[in-house]
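Single-letter residue listing:
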Amino acid sequence: MNLLNLFNGQAKIFDVSSVKYKKPIDSQLVSKLIDYLQFSCKHLSKHGNLKTMVGIDGGINCLVAAKLLKQALGENMTAMILDFGTSYTNNLVEFCSKFGIQSFLLKRGVAYQTEVSAYNLHKPADVRYFYKRFINYHLSIQAEHIKAALIDTVDKSDRLLGSKPEGFYGHLVPFNYLYKSEVFDLAKFLNVPEQLIPTPIYQDIPYPSDALTYEKVDSVLYLLTEKQLTPEEISKTYNIDLYWLKRLKSQIDKTVLKTNPSQFII
């Protein structure tokens, strides 16, 4: 099937460059995040969580979280590196070493491949969901074992788009109110090595003839949720395909019905 048939014919130009939605990514924002982490972890330590742990699998959010945790907590944090048997693990080890982050390897490559095969997963979305559940399960076990508070690295874009499965993902959610594109900017501000920062491309709900960036998707999320514009209004103003916008709005509506944790608002 021609992809354009799904979009009622000719694809429209996607231009949201005039939308100003980002918060300033500066030292003041970093200080607020650090204060939040320090205060929350001090409170959790009274309940037996003496350390704080973040899982690192190469995603941009977990790298930024690890860097912030190191600045906020020093030796009272640890990074659990998810080792799936690829050469990229060495880059993650080097990242932790460069910034003095205490880290441990959690080798789960064989177990992951065995379980993916057993469940006969083929669709990319199904594989992504299983991957996130798999990681969450093993991180939760490790955090409980070492009596550590677990950091949930989900951001506002992930949350609105429902890109993570249901379930417990952590005690603290520092990026709960940051868009994905803001996390990318935060990574650059914190000097996360550029070779570790992936290309910010969004493909979950593809747009015809256009590789979407999170800058574009986050702009539309802002218009739909914070500005409360309708898909019809956005389509007319920014020349975006209406059918695509309705699909995105439908995904958001499904997600907002779920209960979200009360978290730090920047």
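Residues numbered from 1 in each chain as written. Predicted model: local features only at pLDDT ≥ 70, side-chain atom pairs only at ≥ 80, totals over all residues. Heavy atoms only, no water.

K.L.:
Help me understand the packing of aromatic side chains, please; the structure alone is not making it clear to me.
P.N.:
Given two aromatic rings, their pairing is described by the distance between the two centres and the angle made by the two planes. Taken as a whole, this structure holds 15 aromatic pairs when the rule is applied. Measuring from ring centre to ring centre gives 5.5 Å for Tyr 119 and Phe 130, while their planes differ by 55 degrees; the resulting arrangement is tilted. Of the two residues, Tyr 119 is situated in the loop between helix H4 (109-118) and helix H5 (124-145) and Phe 130 in helix H5; the sequence distance between them amounts to 11 residues. Given a relative accessible area of 14%, Phe 130 falls into the buried group. Counting every residue linked through ring pairs, the aromatic cluster contains Phe 84, Tyr 112, Tyr 119, Phe 130, Tyr 131 and Phe 134. The ring of Tyr 177 is capped by Arg 159, whose NZ or CZ atom sits 4.9 Å from the centre of that ring. One Lys or Arg, Lys 180, reaches over the ring of Tyr 214 and ends 5.8 Å from the middle of that ring. (Phe/Tyr/Trp six-rings, centres within 6.5 Å; stacked < 30°, edge-to-face > 60°. Helix = DSSP H or I, 4+ residues; strand = E, 2+ residues; numbered from the N terminus. Buried < 20%, exposed > 50% of the residue type's maximum accessible area, 1.4 Å probe, protein only. Lys NZ or Arg CZ within 6 Å of the ring centre and 35° of its normal.)

K.L.:
Explain helix H3 (residues 88-98) to me, please; I cannot follow it from the model alone.
P.N.:
Turning to H3, its buried residues number three or more, namely Thr 89, Leu 92, Phe 95 and Cys 96. All buried residues of H3 fall inside an arc of 115 degrees around its axis, so they share one side. Relative to its buried face, H3 has exposed residues pointing more than 90 degrees away, namely Glu 94, Ser 97 and Lys 98. Remark: Gly 100 follows H3 within two positions and exhibits a positive phi of approximately 65 degrees. (Arc of directions from axis to C-beta.)

K.L.:
I keep staring at the pattern of salt bridges and nothing clicks. Help me out?
P.N.:
Side chains carrying opposite charge are able to pair once their charged atoms draw close together. Here the structure, examined in full by the defined rule, presents 11 salt bridges. Between Arg 128 and Asp 204 there is a salt bridge; the shortest N-O distance is 2.9 Å. Placement of Arg 128 in helix H5 and of Asp 204 in strand E5 (residues 201-207) is noted, with a sequence separation of 76 residues between them. What makes Asp 204 partly exposed here is its relative accessible area of 37%. For Lys 156, the salt bridge identified is with Glu 226, shortest N-O distance 2.8 Å. Residue Lys 156 is found in helix H6 (residues 156-161), and its partner Glu 226 is found in the loop between helix H8 (214-225) and helix H9 (231-238); the two are separated by 70 residues along the sequence. (Salt bridge = Lys/Arg side-chain N within 4 Å of Asp/Glu carboxyl O.)

K.L.:
In this structure, what is going on with the pairing of strand E2 (residues 77-83)? I would like to understand it.
P.N.:
Both faces of the sheet carry side chains from a regular strand, because those side chains alternate between them. Among the 7 residues of E2, 7 are classified as buried, and the element is accordingly described as predominantly covered. Taking every second residue as pointing to the same face, both faces of E2 are buried, with Met 77, Ala 79, Ile 81 and Asp 83 on one and Thr 78, Met 80 and Leu 82 on the other. Relative to E2, strand E1 (residues 51-56) runs parallel, the two being bridged by 5 bridges. What sits directly across from Val 54, in E2, is Ala 79. Where the polypeptide runs from E1 across helix H2 (residues 60-73) and back to E2, its parallel neighbour, the crossover connection is right-handed. Judged from the 5 bridges that link them, E2 and strand E3 (residues 103-107) form a sheet pairing that is parallel. Within E3, the position partnered with Asp 83 by the bridge is Lys 107. Handedness of the E2-H3-E3 crossover: right-handed. (Pairing = 2+ DSSP bridges. Right-handed = clockwise from strand over helix to strand, strands pointing away.)

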